[in-house]
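# Descriptive analysis of the structure
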Amino acid sequence: TRRATNATFGGMQVRLTKEFGFEAAQTLPNAPEGHKCRRMHGHSFKLEISVEGQVDPATGWLYDHAEISAAMKPILKQLDHSYLNEIAGLENPTIENMAAWFWQKLEPHCPGLCEIVVHETPTARCVYRGE
């Protein structure tokens, strides 16, 4: 079999996804009266940050995953083991609002940002594509 060279992959469009996690408490003050989420509770949140673009034929990658990690580091420091409602922009921290909040924070630092997925539980998540 013929071995592929970097030149073979020039112009290739890809999507990279990097996962992150943090623990935080929240209340959902706009939930209906009597809803359990109006009470303080916590989650082990998982995030998937995805970027799309053309592979650089010289490096063989879109860009280094470390760039996404660097953009997320101060955000995770702010969120981990916090009460989300006390953070500006997250006064009503639904996963929908959180996804848009993450987008606003990351878009200037992550060229090609195309999708953010916020997992609240292993079976509940929100997908946001900046629309």
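Right, let's walk through the structure included here. This is a predicted model, so every value here is computed, not measured.

Our next topic: the packing of aromatic side chains. To describe a pair of aromatic rings, one takes the distance between the centres and the angle between the planes. Under the defined criterion, the tally for this structure stands at four aromatic pairs. Seen from their ring centres, F22 and F45 are 5.0 Å apart, and the 20° between their planes marks the pair as stacked. Residue F22 is found in strand 1 (residues 13–26), and its partner F45 is found in strand 2 (residues 41–54); the two are separated by 23 residues along the sequence. Ring plane angle 85° and centroid distance 5.6 Å describe the contact between W103 and Y128, whose orientation is recorded as edge-to-face. Pair noted here: W103 is in helix 2 (residues 95–106) and Y128 is in strand 5 (residues 124–128), with a separation of 25 residues, a long-range link. Given a relative accessible area of 10%, W103 falls into the buried group. Through a chain of ring-to-ring contacts, the aromatic side chains of F22, F45, W101 and F102 assemble into a single cluster.

Quick notes on the rules
Numbers given for residues are sequential positions, taken from 1 along each chain in its written order. Selection of residues for local features in this predicted model requires a pLDDT of at least 70, selection of side-chain atom pairs for listing and counting requires 80 or more, and totals for whole chains, interfaces and linings are taken over all residues. Hydrogens are left out, water is left out, and the side-chain values use all remaining heavy atoms of the structure. Note on aromatic pairs: the rings of Phe, Tyr and Trp (six-membered ring only in Trp) are paired at centre separations within 6.5 Å, and the planes decide the class, stacked below 30 degrees, edge-to-face beyond 60, tilted for the rest. The helix and strand labels rest on DSSP assignments: H or I over at least four residues marks a helix, E over at least two residues marks a strand, and numbering proceeds from the N terminus. Accessibility here uses a 1.4 Å probe with only protein chains present; expressed as a share of the type maximum, an area under 20% marks a residue as buried, one over 50% as exposed, and anything in between as partly exposed.

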